[in-house]
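Listed here are the chains, written in short residue letters.
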Amino acid sequence: MGRKVTVATCALNQWVLDFEGNTERILRSVEAAKAGGAKYRLGPELEICGYGCADHFYESDTLLHSFQALKVLLESPVTQDIICDVGMPVMHHNVRYNCRVLFLNRKILLIRPKMLMANSGVYREMRWFSPWNRPRHVEDYFLPRMIQEVTGQDTVPFGDCVLSTKDTCIGTEMCAELWNPDSPHIHMGRDGVEIFTNSSASHHELRKADQRVHLIRSATAKTGGIYLYANQRGCDGDRVYYDGCAMVAVNGDVVARGDQFSLDDVVSLERHSGNLLCCNRTLALLPCQRGEPPREPGSAECAGDPPHKL
Ligand SMILES: NC(=O)CC[C@H](N)C(=O)O
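Residues numbered from 1 in each chain as written. Predicted model: local features only at pLDDT ≥ 70, side-chain atom pairs only at ≥ 80, totals over all residues. Heavy atoms only, no water.

- As annotated in an unreviewed UniProt entry, the chain carries the name Glutamine-dependent NAD(+) synthetase and comes from Oryzias latipes.
- UniProt annotates the chain under Subunit (unreviewed entry) with the comment "Homohexamer." (UniProt positions renumbered as here; feature names shortened; annotations may be inferred.)

**What about helix 7 (residues 208-221)?**
Given 3.6 residues to a turn, an α-helix orients residues that are three or four positions apart in the same direction.
For step 1, the next point in the chain: Look at helix 7: 20 Å from first C-alpha to last across 14 residues, which is about the 20 Å you get at 1.5 Å a residue.
For step 2, the next point in the chain: Of the positions making up helix 7, those classed as buried are Lys-208, Ala-209, Arg-212, Val-213, Ile-216, Ala-219 and Thr-220. In an axial view of helix 7, the angular spread of the buried residues amounts to 150°, which keeps them on one side of the axis. (Helix = DSSP H or I, 4+ residues; strand = E, 2+ residues; numbered from the N terminus. Expected span 1.5 Å × (residues − 1). Buried < 20%, exposed > 50% of the residue type's maximum accessible area, 1.4 Å probe, protein only. Arc of directions from axis to C-beta.)

**With respect to the site of the ligand**
For step 1, the next point in the chain: Surrounding the ligand, one finds Glu-45, Tyr-51, Lys-114, Ala-118, Tyr-123, Glu-125, Cys-175, Ala-176, Trp-179, Ala-201, Ser-202 and Lys-208.
For step 2, the next point in the chain: Separating an oxygen atom of the ligand from a side-chain N or O atom of Trp-179 is a distance of 3.3 Å.
For step 3, the next point in the chain: Protein contact buries 91% of the 300 Å² of open area that the ligand shows by itself.
For step 4, the next point in the chain: Its residues placed into classes, the shell around the ligand shows 7 nonpolar, 1 polar and 4 charged. (Near = heavy atom within 4 Å. Polar contact = N/O pair within 3.5 Å; in protein donor to acceptor, adjacent residues only side chain to side chain. Areas by Shrake-Rupley, 256 points an atom, 1.4 Å probe, with all protein chains shown as cover. Nonpolar A, V, L, I, M, F, W, Y, C, P; charged D, E, K, R; others polar.)

**A closer look at the environment of Gly-252**
For step 1, the next point in the chain: Inspection of the secondary structure puts Gly-252 in the loop between strand 14 (247-250) and strand 15 (253-257).
For step 2, the next point in the chain: Counting along the chain gives 32 residues from Gly-252 to Thr-220, while the straight-line C-alpha distance between them is 4.9 Å.
For step 3, the next point in the chain: Among residues more than four places away in sequence, those in contact with Gly-252 are Arg-217, Thr-220 and Ala-221. (Contact = heavy atoms within 4.5 Å.)

**Description of the pattern of salt bridges**
For step 1, the next point in the chain: On inspection of all chains with the given rule, the structure shows 14 salt bridges.
For step 2, the next point in the chain: Residue Asp-18 pairs with Arg-25 through a salt bridge whose shortest N-O separation is 3.0 Å.
For step 3, the next point in the chain: Shared partners join several salt bridges into a network, and the residues in it are Arg-41, Glu-47, Asp-85 and Arg-100. (Salt bridge = Lys/Arg side-chain N within 4 Å of Asp/Glu carboxyl O.)

**Description of the pairing of strand 11 (residues 195-200)**
For step 1, the next point in the chain: Counting buried positions along strand 11 yields 6 of 6 residues, so the element is predominantly enclosed.
For step 2, the next point in the chain: Residues Ile-195, Thr-197 and Ser-199 of strand 11 are buried on one face, and the alternating residues Phe-196, Asn-198 and Ser-200, pointing to the opposite face, are buried as well.
For step 3, the next point in the chain: Pairing geometry for strand 11 and strand 12 (residues 226-234), over 6 bridges, is parallel. Directly across from Ser-199, in strand 12, lies its bridge partner Ala-230. (Pairing = 2+ DSSP bridges.)

Shown next as C-alpha cells:
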C-alpha cells in the first residue's frame, strides 16, 4: 500500500537580526506550504536570527529574541497542523548550539543541535557554537518560561534523534553535515529514516550548486527516501551570497529545484513557484514499500537512533 506525503522546503531571504522580518517570512513560507497541502515545512539554517550574526551570537539578546520569535511562531494559527522545522541558536547547559527546533500544534517535538560544523573557507561556526558531540544521545532541555506558557511543556528532547510518525520516520541533518564523510543521513538511512531534511546556509561559489546536487542525490540513492534541502537566498547582511536552490530528491533523483538567483524575498513562495517546492510523491516508491529489503541484510544500525514518537 502506498502512502502519499506532501512536504515543503523553501529558500528565504533572511537578514541578520531582523527578527520581525525573518519571522514574517517564515510565516509566509509556512502559509504557502500549507496551501500546497504540505504536512512538514523545512526552512534554512538559523533562519530566525539570520545565519551571519557573527559575534552577535555572543549576545544573550540574540538568543532571547530568537525565543521571542519562536513564541510568535508557536502561537500563530498559521503554524497549526503542520510540522514546522525552524533554525535558531539555543543555549543548553551554558553551551551555545546551532539548532533546529521542530514543533507541531504548539508542542516542541525536538531540538536538534548541529553535530558537524562548518569551520573552513568563509565559515567560522566553531567561534560561536559547540558541536553536539553525543550521537544518538538525547537530554531534557528546560524551556524558557515564556515558551513553557505556550507549549505547556517544561522540558523537551534535546539532542540527536529522529521523529517517528504513524506513517514514516523523519531525520534531520544540517548543512555541513551533508558535506561530511560521516553524514548523519548514512546512519539514519540504515536505521529506517525515510524523509531526510537539510537546513542550510550555503553561499554561492561557481559550480557549488552542482556539488550539492551530487551530494543530495547520493544521500537517497543507496537506501532510498526523500531528501529535502532548504537554503538561505540573498546576502543576509554578510559579504557572501547565499544561493537558494531549495531541492527535493527522491530515491536518488532530483524531482524539484528552486531558483539560485532571484530578487524575490518570499513573494514567490505564495505563488508556489520559484522558491517553494512541494514534493508530492508516494512513499510507495521507496524500496521498503516495493517489498524489497530496504537495505542490505546486516547493514541496519544495531545501536538504533532513539526515535521520538509523534
Ligand atoms: N553552513 C554550513 O554548514 C555550510 C557548509 C557547506 N560547506 C556549504 O557551503 O554548504
